[in-house]
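# Structural overview for review
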Amino acid sequence: MLPPFAIGRSSSPATSSLAWLLLATLGCSRTPAPAVAPAPAPAGRPAALQVPPLPDGSPAQLLEFVESLRTPTVEPATNEEWRRYVDTVCLRGIEAADRIRAQVAAADESYVAASRLKLDSLLIRADLAEEETAAADAANAAVEAHANALAGEPSGQLAALGRRILVTRAVQRAFAAEAWAEMPDLIARTAALMTTDPEDSRAVAFATKFAEALATQGPDARPAAITANETFGRLLEASAEPERQARGQAMLNALRLLSLPGQPMRIEGTLLDGTPFDPAALAGKVVLVDFWATWCQPCVAEIPNIRAAHETYHDRGFEVLGISLDESREDVKDFVAGQRIPWPTLYSGQGWQDPMAMSYGVRSIPRLILIGRDGRVISIDAKGERLADALAELFPN
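Notes on the structure in this doc start here. (Residues numbered from 1 in each chain as written. Predicted model: local features only at pLDDT ≥ 70, side-chain atom pairs only at ≥ 80, totals over all residues. Heavy atoms only, no water.)

### Considering the state of the cysteines
Our working definition: Count a disulfide wherever a pair of cysteine sulfur atoms falls within 2.5 Å. With a 1.4 Å probe rolled over the protein chains alone, any residue whose accessible area is under 20% of its type maximum counts as buried; one over 50% counts as exposed, and the rest are partly exposed.
A full pass over the atoms with the stated rule returns one disulfide. Here Cys-296 engages in a disulfide with Cys-299; their sulfurs sit 2.4 Å apart. Measuring handedness by torsion sign, the sulfur bridge of Cys-296 and Cys-299 sits at about 80° and is right-handed. Accessibility assignment for this pair places Cys-296 and Cys-299 in one class, buried.

### Examining the nonpolar core
What counts, and what does not: In these notes, a set of buried Ala, Val, Leu, Ile, Met, Phe, Trp, Tyr and Cys residues joined through side-chain atoms within 4.5 Å is what counts as a nonpolar core. Runs of H or I in DSSP of at least four residues are treated as helices and runs of E of at least two as strands, each being numbered from the N terminus. Contacts between residues were defined by any pair of non-hydrogen atoms, one from each residue, lying within 4.5 Å.
Ranked by internal contacts, the top residues of the largest apolar core, which has 78 residues, are Met-265 and Phe-291. Tallying contributions element by element places helix H9 (residues 201–215) first for this core, with eight residues. If we skip the residues at most four places from it in the chain, Met-265 touches Leu-260, Val-289, Phe-291, Met-356, Tyr-360, Ile-369, Ile-371, Gly-375 and Val-377. Ranked by size, the runner-up nonpolar core spans 37 residues in total, among them Leu-49, Leu-63, Ala-97 and Ala-126.

### Some details on the sheet that holds strand E2 (residues 318–324)
In plain terms, the rule: At least two DSSP bridges between two strands are required for those strands to pair. Simply put, an axis is a line fit to the C-alpha atoms, just over the touching stretch for a helix, and the angle between two N-to-C directions goes from 0 to 180 degrees.
The mixed open sheet is built from five strands, whose spatial order is E3-E2-E1-E4-E5. The sheet is open, and its two edges are formed by strand E3 (345–347) and strand E5 (377–379), each paired on a single side. With strand direction ignored, the average angle separating the axes of adjacent strands in the sheet is 25°. Across five bridges, strand E1 (residues 286–292) lies against strand E4 (residues 367–371) in antiparallel orientation. Counterpart to Asp-290 in the pairing with E4 is Leu-368. On top of the sheet, helix H12 (residues 297–313) reaches E1, E2 and E4; it is set at about 155° to E2, its chief contact. On top of the sheet, helix H13 (residues 329–339) reaches E1, E2 and E3; it is set at about 170° to E3, its chief contact.

Bear in mind that shape data such as this cannot, by itself, settle questions of function.
In structure tokens form, the structure reads like this:
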């Protein structure tokens, strides 16, 4: 019963990684295209896609009418025409939802469906609005007002949805502003979502993504990332569900990674040729530990940068140690040979269950950890220019 279209504008780097945060909280379906492709434009096509006015009818008929608008009868001529069509359909959805909510009791199934329809329509309109305009401000204010109203509904389902939306949008704003000082309160509010309704899988999904996003934001956000992983990890670890317990344990393992800067890192395993790795080979060297896989395109894209650093500083005491999360030894051997990678690679064949990855809670790759000559970790995100800058300080001319 919900319009699925969502045409997003381009996002800034600070907010683009957070698109999932909003989607993870929704109990509605939003996809970037109609469920069925529009029919070819017939001869004598109208100048623009037309959205008929909302008819009279029962709640079921109104919901069915909005559903029928999901797929336009003719192909849109331009992207702008499509955007206008989607916006108008959302207005019809809001109108239908308001009419239904005024007609039936809050406990009625159609009231819940209409409330979700209105929220989804408001969110899509907010996505469509140009940033930093009066229209965007009005659209976002409408979302907040409806979410606040939902949070006060007698229906536990709708109240939980409203609270999730409010927390999600607050998190989005904090990430966009890099307001890391606000994160402890937002982490507490997210934890409250998880404890208020332990069966709410969407709250768990949101908490997981929230913690993962914080872990990618650099040193300034690291205290919040540690708090999030510990808070959410403890809650999930106490769950009776094995899947949630495993997710909680993964978060608690990630604390080892987040807490590594300034601490020694234990390195052990087996080399690609099957021989045991001797950690003593790294003593007194600056070491880059690269968790990677041949199937990981960002990992492959990072190799030229690592190779350049290796060529520049290897003779001065810089070493690279790869830790492959592949499950096929032959794939890794072929890749290393084809790329002529000169540094050693540890391989367990266990993929994401690799002992080193599990021990340090590595949940995304590439993960590049830079270790100083004293064996203590300098950086847990030494990619791109960050690696070059760090090595330039460690190996001054």
